[in-house]
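Report on the structure
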Amino acid sequence: MPNAFIIVKVLVSALIIVAISEIAKRNTAFAALVASLPLLSLLAVLWMVAEGADNTRVADHMEATFWYVLPTLPMFLLVPVMLRHGVSFALSLVAGIGLTIVLYAGIRRLAAVFGVAL
C-alpha cells in the first residue's frame, strides 16, 4: 500500500488537471493560461524538497525541465493549424507528438553545446 504522502501527491496533482479541464468548459483562454503555468513542475520540485532532495538535484531537475519544455512548444502551434485545416484530431495530435520527439533529439544536441547533459 502506498504511503500517505504518495497519495497526497497524486491527489493534489490530479486536482490541478481536473480543475484545468473544468475551467476549459467555461473559458478556454483562462484554462490555457492556468495550464501554461509551471504548476506541476513546481509541485514536482516541492515534492522533491519535501522528500529531502538536495539543492543540486533540484537545480538539475529545473534546468532539465527548461530544456525539455522548449521542444514541446511547436506542438501547440502545429496541432491547431492542422485542426483548422480540417485534419482530424488524432492525426494532428500524432503529428504534434512526432514533431516533439524529433525536437527532443535536437534539444539534447543543442543543450550539449551549452554544456548541459540531458
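Further up the page is the structure itself.
First, a word on scope: everything that follows refers to the structure included in this document. Because the structure is predicted, anything quoted here is derived from the model rather than measured.

Turning next to the layout of surface pockets. If you add up the space inside the largest pocket, you get close to 680 Å³. If you go around the largest pocket, you meet 23 residues; those closest to its centre are A32, A35, S36, L37 and F76. Put simply, the parts of the chain that give the lining of the largest pocket at least two residues each are α1 (4-26), α2 (28-36), α3 (39-50) and α5 (75-84). If you tally residues by element for the lining of the largest pocket, the top one is α2, at 6 residues. Residue composition of the lining of the largest pocket, by class: 19 nonpolar, 4 polar and no charged.

On to the pattern of salt bridges. Under the defined criterion, the tally for this structure stands at 2 salt bridges. In this structure, E51 engages K9 in a salt bridge whose closest nitrogen and oxygen atoms are separated by 2.9 Å. Residue E51 is located in the loop between α3 and α4 (55-69), and its partner K9 is located in helix α1; the two are separated by 42 residues in the primary sequence. Judged by relative accessible area, which is 17%, K9 ranks as buried. Between E22 and K25 there is a salt bridge; the shortest N-O distance is 2.9 Å. One end of the pair, E22, and the other, K25, are both in helix α1, 3 residues apart, so they sit about a helical turn from each other.

What follows concerns the packing of α1 against α3. Close contact between α1 and α3 brings their axes to 11 Å; oriented N to C, the two are set at 170°. The angle between α1 and α3 falls in the class roughly antiparallel. Facing α1, whose interface residues are F5, K9, V12, S13, I16 and I17, α3 presents L39, L40, L43, W47 and A50.

Right, let's talk about α4 for a bit. For α4, built from 15 residues, the straight-helix expectation of 21 Å at 1.5 Å per residue is met to within 8% by its first-to-last C-alpha distance of 21 Å. Its side-chain oxygen placed 3.2 Å from the backbone nitrogen of T56, D54 serves as the N-cap of α4.

Relative orientation of the contacting elements α1 and α2 amounts to 155°, with a least axis distance of 6 Å. Here α1 is positioned roughly antiparallel relative to α2, judged by the angle of their axes. Here I20, I23, A24 and R26 of α1 come into contact with α2, specifically with T28, F30, A31, V34 and A35. In terms of residue class, the contact of α1 with α2 is made up of 7 nonpolar, 1 polar and 1 charged.

Thresholds, definitions, all that
- Residues numbered from 1 in each chain as written.
- Predicted model: local features only at pLDDT ≥ 70, side-chain atom pairs only at ≥ 80, totals over all residues.
- Heavy atoms only, no water.
- 1 Å grid on protein atoms, 1.4 Å probe; cavity = no way out; pocket = protein on both sides within 12 Å on 5 of 7 lines; lining within 4 Å.
- Points joined across faces, edges and corners; volume = space filled by probe spheres on them.
- Helix = DSSP H or I, 4+ residues; strand = E, 2+ residues; numbered from the N terminus.
- Nonpolar A, V, L, I, M, F, W, Y, C, P; charged D, E, K, R; others polar.
- Salt bridge = Lys/Arg side-chain N within 4 Å of Asp/Glu carboxyl O.
- Buried < 20%, exposed > 50% of the residue type's maximum accessible area, 1.4 Å probe, protein only.
- Axes fitted to C-alpha atoms, helices over the stretch in contact; angles between N-to-C directions.
- Parallel < 35°, antiparallel > 145°, perpendicular 65-115°, else oblique.
- Contact = heavy atoms within 4.5 Å.
- Expected span 1.5 Å × (residues − 1).
- Polar contact = N/O pair within 3.5 Å; in protein donor to acceptor, adjacent residues only side chain to side chain.

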